[in-house]
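Listed below are the residues making up each chain.
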Amino acid sequence: MISNISRLLSLSTAIVVASTAIAAAEPSADLIAAAKKEGTLTTIALPHDWCGYGDVIAGFKAKYGLEVNELNPDAGSGDEIEAIKANKGNTGPQAPDVIDVGLSFGPSAKADGLIQPYKVSTWDSIPDTAKDADGYWYGDYYGVLSFLVNKDLVKQSPADWSDLLKSDYANSVALAGDPRTANQAVQGVYAAGLSASGGDAAKAGDEGLKFFAELNKAGNFVPVTGKAAPFAQGSTPIIVAWDYNALSWGESLKGNPPYEVVVPKSGVVAGVYVQAISAFAPHPNAAKLWMEYLYSDEGQLGWLKGYCHPIRFNDLAKNNKIPKDLLDKLPPAAAYEKAVFPTLEEQAAGKEAITKNWDSVVGAAVK
């Protein structure tokens, strides 16, 4: 099933068939009552500035009156899995009820017996290619690699990866992390390679390394981790980052500097995250209610306000559920039509090539 993601989950083809009645489904009164009796939901790895999670959590609390115990907001997917393992017999505040992890962690967590099945009311409007058929995990949101451009310093924005090699962008291009360790940076190199290889996933890792070696040799690559602060200071005028991070960072600067987020014409690599409930959740009903909220129209739009494309995006758009002012803040929908969702095998092969050979091929230590 996962191997079909790149073919079936792009914005141009993932047409979801779901009725308005299904999309508007509400959790049962019994579930709400059981969750309120538990009184608390324990989350992990949900920073408030990631995908609008601050407002999403606040919305859930306001709607249902539950407390939310937030563990380690800056944890990674691996940390979330380890937290479940370490707290199998613990019903205290250190045991997470729910997780939000990278795609590869869904199937592996199911295989290891760490998560439990639950199908939300809007289940039928989640693309089949983005969920476990038995309900153990399901896609929540996705983003694509993009260029965040400082318009004070860069007058003509790059339209595609190859443009980054132009002399106009000397000492300008940064990755949002160290490509030897950070997934966002690894995927940036992979996307550049996918573009350079004409879409050949088997060559994307090696071609991405060659591209960044050329970028570095040309003097265009900046070995600084790109994020909001160095972007505002002008030290990283162009940052390769997930579109939701790029949009969030740009907006946070309140026009100083003005910015543009560009989805490249080729090598449009998308990444999807998935939700799941711990098999050992101390608050299983609160966990289920949380899932119902996240996959409701309200929850999905909460992620979109945080610039993450929710997994039910096509369903919401078809039923005119997305406010125009929200759509206007995003790159044009047509820019996402070439989005490619690499399979787990393709991601693994690309990551191995990039992390192992970055030093020898590119030779730029990102700090």
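1. Details of the overall build of the protein
Link 1 in the chain: The helix and strand tally for the protein stands at 15 helices and 10 strands.
Link 2 in the chain: The globule rule puts the C-alpha radius of gyration for 367 residues at 21 Å, and the 20 Å found for the protein is close to it.
Link 3 in the chain: Seen through its C-alpha atoms, the protein measures out along the principal axes to roughly 65 × 40 × 35 Å.
Link 4 in the chain: For the protein, with 367 residues in total, the buried portion stands at 56%.
Link 5 in the chain: Considering only contacts in the protein between residues 6 or more positions apart, those separated by 24 or more positions represent 77%.
Link 6 in the chain: Total accessible area on the protein stands at roughly 14700 Å², and carbon and sulfur atoms take up 50% of it.
Link 7 in the chain: Averaged over its 31 positive side-chain charges, the protein has a centre that lies 2 Å from the centre of its 42 negative ones.

2. Description of the state of the cysteines
Link 1 in the chain: If you walk through the whole model with that rule in mind, you get one disulfide.
Link 2 in the chain: Across a sulfur-sulfur distance of 1.9 Å, C51 and C308 are joined as a disulfide pair. In this structure the cystine formed by C51 and C308 twists about its S-S bond by roughly -65°; its chirality is therefore left-handed. With a gap of 257 residues between them, C51 in the loop between β1 (40-44) and α4 (53-64) and C308 in the loop between α12 (297-305) and β10 (309-310) connect regions that are remote in the sequence.
Link 3 in the chain: We classify C51 as buried; its relative accessible area is 2%.

3. Focus on the pattern of salt bridges
Link 1 in the chain: Within the structure shown, the criterion is met by 15 salt bridges.
Link 2 in the chain: With a shortest N-O distance of 3.0 Å, D297 and R312 are connected by a salt bridge. You can see D297 sitting in helix α12 and its partner R312 sitting in the loop between β10 and α13 (313-318), a full 15 residues away along the chain. Like R312, D297 is buried.
Link 3 in the chain: The closest approach of N and O atoms between E352 and K356, which form a salt bridge, is 2.9 Å. Within this pair, E352 and its partner K356 are both found in helix α15 (residues 344-361), separated by four residues, close to a single helical turn.
Link 4 in the chain: Counted as one network, the salt bridges with shared partners bring together D297, R312, D315 and K321.

4. Brief notes about the pairing of strand β7 (residues 238-242)
Successive side chains on a regular strand alternate, one facing one side of the sheet and the next facing the other.
Link 1 in the chain: With five of five residues buried, β7 is to be regarded as a mostly interior element.
Link 2 in the chain: As defined by bridge partners, strand β5 (residues 138-150) adjoins β7 across five bridges and the pair is classed as antiparallel. Looking at the pairing, V149 lines up with I238 of β7.
Link 3 in the chain: Here three bridges tie strand β6 (residues 173-175) to β7, and the two strands are oriented parallel to one another. For V173, the partnering residue across the bridge sits in β7 and is I238.

5. Comments concerning helix α10 (residues 243-252)
Link 1 in the chain: Burial within α10 is extensive, with seven of its 10 residues counted as buried.
Link 2 in the chain: Considered for burial, the residues of α10 that qualify are D243, Y244, N245, A246, L247, W249 and G250.
Link 3 in the chain: Backbone geometry just after α10 places K254 at a positive phi near 55°.

6. Some remarks on the packing of aromatic side chains
Link 1 in the chain: Counted under the stated rule, the structure contains 20 aromatic pairs.
Link 2 in the chain: The interplanar angle of 70° and the centroid separation of 5.9 Å between the aromatic rings of F221 and W358 together place this pair among those described as edge-to-face. Within this pair, whereas F221 is found in the loop between α8 (204-217) and α9 (228-233), its partner W358 is found in helix α15, the two being separated by 137 residues in sequence. Per residue, the accessibility class of F221 equals that of W358, and both read buried.

About the criteria used
Residues numbered from 1 in each chain as written. Predicted model: local features only at pLDDT ≥ 70, side-chain atom pairs only at ≥ 80, totals over all residues. Heavy atoms only, no water. Helix = DSSP H or I, 4+ residues; strand = E, 2+ residues; numbered from the N terminus. Rg over C-alpha atoms; globule rule 2.2 N^0.38 Å. Buried < 20%, exposed > 50% of the residue type's maximum accessible area, 1.4 Å probe, protein only. Contact = heavy atoms within 4.5 Å. Areas by Shrake-Rupley, 256 points an atom, 1.4 Å probe, with all protein chains shown as cover. Lys, Arg positive; Asp, Glu negative; His and termini not counted. Charge placed at Lys NZ, Arg CZ, Asp CG, Glu CD. Disulfide = S-S within 2.5 Å. Salt bridge = Lys/Arg side-chain N within 4 Å of Asp/Glu carboxyl O. Pairing = 2+ DSSP bridges. Phe/Tyr/Trp six-rings, centres within 6.5 Å; stacked < 30°, edge-to-face > 60°.

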